[in-house]
Amino acid sequence: KQEVTQIPAALSVPEGENLVLNCSFTDSAIYNLQWFRQDPGKGLTSLLLIQSSQREQTSGRLNASLDKSSGRSTLYIAASQPGDSATYLCAAFQGGTSYGKLTFGQGTILTVHP
Amino acid sequence: KAGVTQTPRYLIKTRGQQVTLSCSPISGHRSVSWYQQTPGQGLQFLFEYFSETQRNKGNFPGRFSGRQFSNSRSEMNVSTLELGDSALYLCASSTGQGRQETQYFGPGTRLLVL
């Protein structure tokens, strides 16, 4: 059974800092690893998808890495801004009998203060 | 392209009642997944439908059921509501094929059971 853990649970940083969010998963037989952002009371916005064969994926100030063998992914946010404040969720997508299901971590609540 | 839509956005019900939530996927998407989000348990997978067939199911009691129509719209039903069913219910759509599927989430339906 896949389990996904995110560290830290919460993070507060001043504007302009570079930061790293961590995600670990127990079953390395994944198709892909996805990062989402959730604003309070809202749905999820897809940020990045890393295929199981990839090591890295970049979008603007965001960079996500994947080390499938060790069951880890990181989301790097460069030059953080107050608008980046949100909950960040990682999720593992698998095949076989789990196809179609995302297993989520508990999320990291990020606060970027001016 | 219109995004994923969910109706209603907010619901208040009392214990013992039943409720039906609706999800319209992005045009052309044939897969719809449902998730329950609570502060204590986080995001948990309910079930996934593809071309009117349930392909995968999470660990929820039989009070939770769903269906998908020929136009890919999906409904989720919860019977005999309990206080613990209060949550944000999210649906996600994708093409439902392949290994590198980004899941697109709707804004959610917030259900409060009194």
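Worth saying up front: this structure is predicted, and the values here are computed from it rather than measured. (Residues numbered from 1 in each chain as written. Chains lettered and ligands numbered in written order. Predicted model: local features only at pLDDT ≥ 70, side-chain atom pairs only at ≥ 80, totals over all residues. Heavy atoms only, no water.)

Let's talk about the interface of chain A and chain B
For an interface, size is often stated in terms of accessible area lost upon the parts coming together. Between chain A and chain B, the contact holds 22 residues from the first and 25 residues from the second. For the pair chain A and chain B, the two sides together bury roughly 1900 Å², of which 49% comes from carbon and sulfur. Considering only the side of chain A, the residues that lose the most area to chain B are Tyr31(A), Leu44(A) and Tyr99(A), jointly responsible for 27% of the buried surface there. Our count for the contact surface shared by chain A and chain B stands at 0 salt bridges. A per-element tally of the side of chain A that touches chain B places strand E4 (residues 30–38) of chain A first, with 5 residues. Among the residues forming the side of chain A that touches chain B, the class breakdown is 9 nonpolar, 11 polar and 2 charged. (Contact = heavy atoms within 4.5 Å. Buried area = accessible area lost by both parts, 1.4 Å probe. Salt bridge = Lys/Arg side-chain N within 4 Å of Asp/Glu carboxyl O. Helix = DSSP H or I, 4+ residues; strand = E, 2+ residues; numbered from the N terminus. Nonpolar A, V, L, I, M, F, W, Y, C, P; charged D, E, K, R; others polar.)

Observations concerning the sheet that holds strand E3 (residues 19–25) of chain A
Residues and elements named next belong to chain A. The 5 strands lie next to each other as E1-E3-E8-E7-E6, forming an open sheet whose pairing is antiparallel. Only two strands of the sheet have a single partner each, and these edge strands are strand E1 (4–7) and strand E6 (56–59). Pairs of neighbouring strands in the sheet enclose a mean axial angle of 15°, with direction left out of account. As paired elements, E3 and strand E8 (residues 72–77) share 6 bridges and run antiparallel to each other. Looking at E8, one finds that Ser24 is bridged to Arg72. (Pairing = 2+ DSSP bridges. Axes fitted to C-alpha atoms, helices over the stretch in contact; angles between N-to-C directions.)

These figures capture arrangement, not role.
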